Amino acid sequence: MGKTAAGETAAQVPAKTSAKASAGKKAAAPKKTAAKRTAAKTTTAAPTSAKAAAAKTPAAKAPARKPESRAAMIRRARRINRELAEVYPYAHPELDFTNPFELLVATVLSAQTTDLRVNQTTPALFALCPTPEDMAAMDPERLEELIRPAGFFRAKTKSLLGLSAALRDRFGGEVPGRLEDLVSLPGVGRKTANVVLGNAFGVPGITVDTHFGRLARRFGWTTQEDPEKVEADVAEIFPKSEWTMLSHRVVFHGRRVCHSRKPACGACPIAPLCPSYGEGETDPEKAKKLLKYEMGGQPGQRLRPPADYPGRPAAPLAAR
């Protein structure tokens, strides 16, 4: 029994040792597996990290545009003005008028609508109300009907009646030729005042409408959105004698070529001078199809354009 027991014990010792060794090997296996997983993760993550690192390198970025000095910007801005003068030698206010009062009324009506729609609306209006006294005496409902095609007719009726009464009572029925007097009239702001001063009185002014503001920013003349701040920035770039005609040229270009949604960059005569080139269609043939008014072979906005206007007059409202 003792030998047998001893034999059994002796036989069992290697077996136990073997079992422990096996257990040790099995226990070590997960460590190797974990190590492999870690290595695999590191290997998998490496390309991502490499891509991220490559993306951050200067070579992956587009070359930065060389900053433009103010002096260079002013030179470029004045050259744009000269070239626009060659493209649009016939630039003019696109509202039909024969005197300061008609221009004042037409400009007030032009808010949030086209000059074309105003020009189609004013003939009947001026036939009935040729003077401030006549307009101030108009029945509001009748005036609303006359100007309805220009939109926002209730608010505009209120402005027209108010400014006409003010002209009658405070200015002897005459449109004043000073900015501070004009902006005191109901419905008249700086933009309207500058239109009237520049085109009815020959007093230089910068007219910042939506077209002018958009192009001034695209040309790099200003970064401002507020019209008065845009006006102030642009006034520092150009001599005062250029302000009125500059306004016409820029607005002409904005309406015909440099549109809000899709500028016709490929057909733009001043493309080499524009830092925003490429915002619109650059293919010349496709860009040509985006041109408007006389540049696109279409009628203009005035029913009675100046004699040197190269396009066709617009049709009266009844013919549309």
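Coordinates for the structure precede this section.
Residues numbered from 1 in each chain as written. Predicted model: local features only at pLDDT ≥ 70, side-chain atom pairs only at ≥ 80, totals over all residues. Heavy atoms only, no water.

**Considering the layout of surface pockets**
For the largest pocket, the calculated volume is near 650 Å³. What lines the largest pocket is a set of 30 residues, and nearest its centre among them are Asp115, Asp209, His211, Val251 and Arg255. Looking at the lining of the largest pocket, the elements with two or more residues in it are α9 (190-200), α10 (210-218) and α12 (243-256). If one sorts the elements of the lining of the largest pocket by residue count, α12 sits on top with six residues. Class assignment for the residues of the lining of the largest pocket results in seven nonpolar, 16 polar and seven charged. (1 Å grid on protein atoms, 1.4 Å probe; cavity = no way out; pocket = protein on both sides within 12 Å on 5 of 7 lines; lining within 4 Å. Points joined across faces, edges and corners; volume = space filled by probe spheres on them. Helix = DSSP H or I, 4+ residues; strand = E, 2+ residues; numbered from the N terminus. Nonpolar A, V, L, I, M, F, W, Y, C, P; charged D, E, K, R; others polar.)

**Concerning empty space enclosed by the protein**
Picture a little ball the size of a water molecule; that probe, rolled over the atoms, points out where space is still empty. Evaluation of the coordinates by the stated rule reveals one cavity of 30 Å³ or more. Here the largest cavity is characterised by a volume of approximately 100 Å³. In terms of residue class, the lining of the largest cavity is made up of eleven nonpolar, two polar and two charged.

**Some words on the side chain of His259**
Inspection of the secondary structure puts His259 in the loop between α12 and α13 (284-288). Overall, the relative accessible area of 9% leaves His259 in the buried class. Polar contacts involving the side chain of His259 include one to the main-chain carbonyl oxygen of Arg256, which spans 2.9 Å. When residues no more than four places from it in sequence are discounted, the contact partners of His259 are Arg214, Arg218, Gly254, Leu290, Leu291 and Lys292. (Buried < 20%, exposed > 50% of the residue type's maximum accessible area, 1.4 Å probe, protein only. Polar contact = N/O pair within 3.5 Å; in protein donor to acceptor, adjacent residues only side chain to side chain. Contact = heavy atoms within 4.5 Å.)

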